[in-house]
2 protein chains.
Amino acid sequence: MNSMILHGDICYSADQNTLITRLDSYLVCVDGICKGIYDKIPEEHAQLPLHDHGKKLIIPGLIDLHTHAPQYAFRGLGMDRELLEWLSTYAFPEEAKYSDLAYADRAYTIFTEGMKRSATTRVVVFGTMHREATKLLMDKLDRTGIVSYVGKVNMDRNAPNTLREASAEASIKDTERFIKETSNKYRNTQPIITPRFIPSCTDELMEGLGRLAAQYRIPVQSHLSENPGEIAWVRELCPWAENYGAAYERFGLFGKPQKTVMAHCVYSDDREIAMMKENGVFIAHCPASNMNVASGIAPIRRYLSEGLRVGLGSDLAGGQTESLFTAMVEALQVSRLYWRLVDSTATPLNVAEVFYMTTKGGGEFFGKVGSFEDGYECDAVVIDDSLLPTPRPLTVQERLERAIYLGGDVKALSAKYCRGKQIELSA
Amino acid sequence: MNSMILHGDICYSADQNTLITRLDSYLVCVDGICKGIYDKIPEEHAQLPLHDHGKKLIIPGLIDLHTHAPQYAFRGLGMDRELLEWLSTYAFPEEAKYSDLAYADRAYTIFTEGMKRSATTRVVVFGTMHREATKLLMDKLDRTGIVSYVGKVNMDRNAPNTLREASAEASIKDTERFIKETSNKYRNTQPIITPRFIPSCTDELMEGLGRLAAQYRIPVQSHLSENPGEIAWVRELCPWAENYGAAYERFGLFGKPQKTVMAHCVYSDDREIAMMKENGVFIAHCPASNMNVASGIAPIRRYLSEGLRVGLGSDLAGGQTESLFTAMVEALQVSRLYWRLVDSTATPLNVAEVFYMTTKGGGEFFGKVGSFEDGYECDAVVIDDSLLPTPRPLTVQERLERAIYLGGDVKALSAKYCRGKQIELSA
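Residues numbered from 1 in each chain as written. Chains lettered and ligands numbered in written order. Predicted model: local features only at pLDDT ≥ 70, side-chain atom pairs only at ≥ 80, totals over all residues. Heavy atoms only, no water.

Caption draft 1: Seen up close, the overall build of chain A. Regarding its fold elements, chain A presents 13 helices and 17 strands. The C-alpha radius of gyration of chain A comes to 21 Å, within 12% of the 22 Å expected for a compact globule of 427 residues. Projected onto the principal axes, the alpha-carbon positions of chain A cover approximately 60 × 50 × 35 Å. The burial tally for chain A puts 67% of its 427 residues in the buried class. In chain A, 75% of the contacts between residues at least 6 apart in sequence involve partners at least 24 apart. Carbon and sulfur atoms make up 48% of the accessible area of chain A, which amounts to about 14400 Å² in all. Between the mean site of the 47 positive side-chain charges and the mean site of the 55 negative ones, chain A shows a separation of 3 Å. (Helix = DSSP H or I, 4+ residues; strand = E, 2+ residues; numbered from the N terminus. Rg over C-alpha atoms; globule rule 2.2 N^0.38 Å. Buried < 20%, exposed > 50% of the residue type's maximum accessible area, 1.4 Å probe, protein only. Contact = heavy atoms within 4.5 Å. Areas by Shrake-Rupley, 256 points an atom, 1.4 Å probe, with all protein chains shown as cover. Lys, Arg positive; Asp, Glu negative; His and termini not counted. Charge placed at Lys NZ, Arg CZ, Asp CG, Glu CD.)

Caption draft 2: Quick peek at the sheet that holds strand 2 (residues 18-30) of chain A. All names here are of chain A. The strand order across the open sheet built from seven strands is 3-2-1-4-15-16-17, with neighbouring strands paired in mixed fashion. The two strands at the open ends of the sheet, each matched to only one other strand, are strand 3 (33-38) and strand 17 (421-422). As defined by bridge partners, strand 1 (residues 4-15) adjoins strand 2 across ten bridges and the pair is classed as antiparallel. For Cys 11, the partnering residue across the bridge sits in strand 2 and is Thr 21. Of the strands in this sheet, strand 1, strand 2, strand 4 (50-60) and strand 15 (380-383) are in contact with helix 13 (residues 396-405), which crosses strand 4 at around 70 degrees. (Pairing = 2+ DSSP bridges. Axes fitted to C-alpha atoms, helices over the stretch in contact; angles between N-to-C directions.)

Caption draft 3: Layout of the interface of chain B and chain A. Contact residues are listed per partner, giving 52 residues for chain B and 53 residues for chain A. Together, the buried faces of chain B and chain A total about 4400 Å²; carbon and sulfur atoms form 60% of this surface. Three residues stand out in chain B for area buried against chain A, namely Arg 340, Pro 391 and Arg 392 of chain B, and they jointly supply 14% of the buried area on that side. On inspection of chain B and its partner chain A, the count reaches four salt bridges. Linking Glu 82 of chain B and Arg 340 of chain A is a salt bridge whose minimum nitrogen-to-oxygen distance equals 2.6 Å. On inspection of chain B and its partner chain A, the count reaches 21 residue pairs in polar contact (both at pLDDT 80 or more). Broken down by element, the residue count for the side of chain B that touches chain A peaks at nine residues, all from helix 11 (residues 324-341) of chain B. The residue makeup of the side of chain B that touches chain A, split by class, is 26 nonpolar, eleven polar and 15 charged. (Buried area = accessible area lost by both parts, 1.4 Å probe. Salt bridge = Lys/Arg side-chain N within 4 Å of Asp/Glu carboxyl O. Polar contact = N/O pair within 3.5 Å; in protein donor to acceptor, adjacent residues only side chain to side chain. Nonpolar A, V, L, I, M, F, W, Y, C, P; charged D, E, K, R; others polar.)

Caption draft 4: Focus on the confidence of the model for chain A. Residues with a pLDDT of 70 or more make up 99% of chain A, whose mean pLDDT is 96. On the interface metric, ipTM, the complex scores 0.97, and its pTM is 0.98. (pLDDT = per-residue confidence, 0-100.)

Caption draft 5: Spatial organisation of the side chain of Thr 144 of chain B. For Thr 144 of chain B, the position within the fold is in helix 3 (residues 131-144). Of note is the side chain of Thr 144 of chain B, whose polar atom sits 3.1 Å from the backbone nitrogen of Ile 146 of chain B.

Caption draft 6: Spatial organisation of the pattern of salt bridges. By the definition in use, this model includes 54 salt bridges over all chains. Across the salt bridge formed by Asp 270 of chain B and Arg 302 of chain B, the nearest N and O atoms sit 3.0 Å from each other. With Asp 270 of chain B in helix 8 (residues 270-279) and Arg 302 of chain B in helix 10 (residues 300-305), this residue pair connects regions lying 32 residues apart in the sequence. Of the residues examined, Arg 302 of chain B reaches a relative accessible area of 31% and is grouped as partly exposed. Connected through salt bridges with shared partners, the residues Arg 131, Glu 132, Lys 135, Asp 174, Arg 177 and Glu 181 of chain A form a single ionic network.

Caption draft 7: Region of interest: the relation of the copies chain B and chain A. For these two chains of identical sequence, chain B goes onto chain A by a turn of 180 degrees and a shift of 0.0 Å along the axis, with RMSD 0.0 Å. What we have between these two chains is a two-fold relation. A share of 100% of the interface residues of chain B reappears at the interface of chain A, consistent with the copies meeting face to face through the same patch. (Least-squares fit on C-alpha atoms with pLDDT ≥ 70 in both.)

Caption draft 8: Representation of helix 11 (residues 324-341) of chain A within the structure. Residue and element names in this part refer to chain A. Relative to the 26 Å expected for 18 residues at 1.5 Å per residue, helix 11 spans 25 Å between its end C-alpha atoms, a close match to the ideal helical length. Most of helix 11 sits inside the fold, with 15 of its 18 residues counted as buried. Of the residues that open helix 11, the one with a side-chain oxygen 3.2 Å from the backbone nitrogen of Phe 325 is Ser 323. (Expected span 1.5 Å × (residues − 1).)

Caption draft 9: Quick look at the packing of aromatic side chains. Residue and element names in this part refer to chain A. By the definition in use, this model includes 24 aromatic pairs over all chains. With 5.1 Å between their ring centres and 85 degrees between their planes, Phe 282 and Phe 365 make a pair best called edge-to-face. Residue Phe 282 is located in strand 13 (residues 282-285), and its partner Phe 365 is located in the loop between helix 12 (351-363) and strand 15; the two are separated by 83 residues in the primary sequence. Note on accessibility: Phe 282 and Phe 365 belong to one class, buried. (Phe/Tyr/Trp six-rings, centres within 6.5 Å; stacked < 30°, edge-to-face > 60°.)

Caption draft 10: The packing of helix 4 (residues 168-182) of chain B against helix 5 (residues 203-216) of chain B, seen in detail. All names here are of chain B. Between helix 4 and helix 5, the least distance of the axes is 9 Å, while the angle of their chain directions is 20 degrees. With respect to helix 5, the axis of helix 4 lies roughly parallel. Helix 5 is crossed by helix 4, and the crossing has right-handed handedness. When helix 4 is examined against helix 5, the residues Ala 168, Glu 169, Ser 171, Ile 172, Thr 175, Glu 176, Ile 179 and Lys 180 are found in contact with a partner set consisting of Glu 204, Leu 205, Gly 208, Leu 209, Arg 211, Leu 212, Gln 215 and Tyr 216. (Parallel < 35°, antiparallel > 145°, perpendicular 65-115°, else oblique. Left-handed = near helix turned anticlockwise from the far one by under 90°.)

Caption draft 11: Structural detail: the pairing of strand 3 (residues 33-38) of chain B. All names here are of chain B. Where strand 2 (residues 18-30) and strand 3 come together, four bridges link them in antiparallel fashion. If you follow Leu 27 over to strand 3, its bridge partner there is Ile 37. Taking the residues between adjacent antiparallel strands as the criterion, strand 2 and strand 3 are bridged by two residues, where Asp 31 takes a positive phi near 50 degrees.

Written as structure tokens, this is what we have:
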């Protein structure tokens with residue numbers, strides 16, 4: 001049932017510098033997999049259902065490499081602190097509420113509806129430390145048709161009582177149970193190992209999580225080098241680690257043996273960058289959050305030049321919105337400020353690069369995802385950019401650029417597909 | 001006919017640091033002027049039509065102190081250059097098209113519809129050098145019900161042939177004719193003297209514009225200290241001027257004798273700042289544009305601390321959107337980066353300050369505008385923030401904060417009034 005043909009003006013990334021545009025074309029999807037783009041419907045596929053989007057713009061679904069589902073409840077609020085104070089003032093008190101399943105039910109219904117309505121088709125998600133609430137989140141996310149990795153968060157130190165797990169052992173045990181209960185349960189969602197960050201996890205806990213990641217072959221997500229105060233704290237907590245990344249690597253939680261995504265990487269030093277490259281760690285660039293909690297600007301030009309894997313993250317609710325269009329604009333904007341204010345050798349990012357990061361770049365975390373090339377899973381969003389009028393004729397590439405910059409205008413999103421299956425854009 | 005009562009949850013600025021919130025209250029408007037906010041409808045006003053907005057949020061209409069109407073046609077496009085190259089590559093070629101009235105008609109219809117749909121009730125606008133097209137723009141803006149100042153742009157040097165006026169004399173004469181033809185013609189729009197910026201205006205032209213401003217008592221708008229290359233160029237062109245601002249002041253185009261708004265002020269030095277303060281020059285802070293064309297970050301904390309007049313500008317199409325909600329978020333965000341990257345003594349802006357700038361602060365350029373205090377002109381927008389669901393109970397102040405941060409979600413804008421008259425939010 002996941003076979004079809006999409007018709008419209010098609011645009012996707014071949015690589016970091018190359019946008020492919022195909023005007024008035026047909027994208028063939030068989031069993032959820034892209035099977036070519038054609039000027040006319042090929043005879044062999046003539047029987048497939050046609051989704052005719054006329055002159056609308058069709059792009060790959062957007063990939064969100066980092067967000068916090070429980071924080072959606074206070075999105076757009078409380079941007080007046082730096083990271084560590086922000087966590088204790090806003091994030092932790094909200095996350096503590098998810099011990100109450102009724103609250104979690106209400107909140108996660110709102111979150112999943114928000115994700116459904118967005119242009120996002122893949123998302124890597126932090127839940128809370130609560131196993132049951134996180135399973136509820138997975139139930140709901142699975143039903144949306146969006147594909148996700150979802151983590152039960154681990155915290156056994158430097159957390160309020162309400163969020164501190166009883167012991168490293170208890171946290172590891174609970175996580176193993178979470179993995180067993182969720183690994184083969186869903187069509188669209190999978191568990192991911194989720195130590196919140198070094199300051200909230202003892203070495204013993206990290207060691208256990210490393211074991212679980214290896215044993216169950218589960219990927220890993222966490223935070224890295226976001227804020228100067230946080231980094232100094234990690235240095236105190238792990239005097240044995242050469243850098244913040246090394247504190248993850250020691251426990252097998254830094255790209256090897258399991259794929260890993262690290263959010264932020266604003267202040268990674270030369271050695272940490274080299275380790276990320278060597279280990280194939282994905283970087284989730286979260287420009288909104290890095291502005292809102294005053295962290296700074298990540299050196300994305302350097303990461304791209306050195307061949308690191310970079311995608312975008314909405315980082316709710318350090319970031320104010322789930323919209324990855326907004327994240328793309330912010331990534332472009334802060335790269336210009338970085339060039340102006342920090343390093344005049346760091347050429348600002350361009351639209352093709354940022355679009356690549358938000359599709360094929362981040363998509364790699366999910367496999368062959370984020371492009372319309374043959375063999376890629378068919379995630380697509382359709383944008384009715386005629387709702388953004390202009391007196392000028394525009395090329396498809398210009399239409400993409402404009403759709404990104406004006407992406408806040410969600411009215412324009414007119415259809416969405418994940419793995420070849422249409423997702424209803426409710427409300 | 002501009003008398004009515006608005007019911008809802010009301011929020012406005014008393015001053016830079018003080019948000020007033022009035023839950024479940026009635027704002028009385030008589031002949032377009034605010035006459036108090038009440039818990040119940042006062043008997044003496046019982047006969048006024050009631051616009052009941054239930055539990056929706058009612059805030060003052062937003063004030064846009066700086067935008068370029070002709071550039072709306074390429075909003076969200078061409079953000080890959082610095083200012084001077086950006087002007088010659090994107091802005092000037094587009095503006096040249098407005099010699100064609102048919103094109104101007106199409107383009108300005110789209111612009112005015114965009115403004116109408118937005119939360120903006122007051123706007124200070126650059127047209128092009130073309131008198132007829134700019135009058136057409138005024139015809140259209142006037143009909144929206146939004147209040148505006150609109151300028152026919154002056155350029156008699158350093159412009160492409162298609163945009164360079166024949167001589168200073170011709171430019172002055174044309175501007176005088178523009179003033180005479182538009183000064184008393186409209187209900188909602190007025191002319192404003194608009195030298196593009198120092199590089200595009202000879203001293204002779206500036207002198208003539210200064211004379212016109214004084215003679216006809218017409219306010220002034222221009223650009224100031226936006227980009228290092230631009231500032232160096234002004235220094236070459238006006239070696240006699242102590243700074244960029246002084247090049248305007250010499251001709252009576254810097255706050256005295258007529259009120260003046262200067263866009264950007266990213267790199268104003270101590271002396272220029274002192275002059276702006278002394279002359280009461282309004283600063284139009286345009287954070288999007290300052291990021292998009294890589295200008296930098298304006299030191300708004302300093303301007304506020306020193307008591308300068310600051311409002312926000314969308315600066316289409318250096319800025320990508322007319323949404324002043326977006327501009328507010330960007331103002332908050334770049335103030336955090338400024339603190340982190342440029343000056344750790346410059347406390348980041350808060351929501352109350354940015355909301356003040358976008359309402360009462362910028363509103364002062366239009367008179368008693370931008371607040372719901374007694375005697376202020378009644379501009380209001382109504383936001384249905386129930387469309388932004390959350391499981392948490394929120395105070396009115398939190399609802400305002402969230403509405404700002406999520407303001408890209410234009411669906412939530414449910415009604416708009418200017419001078420006590422409702423403006424239809426078409427499509």
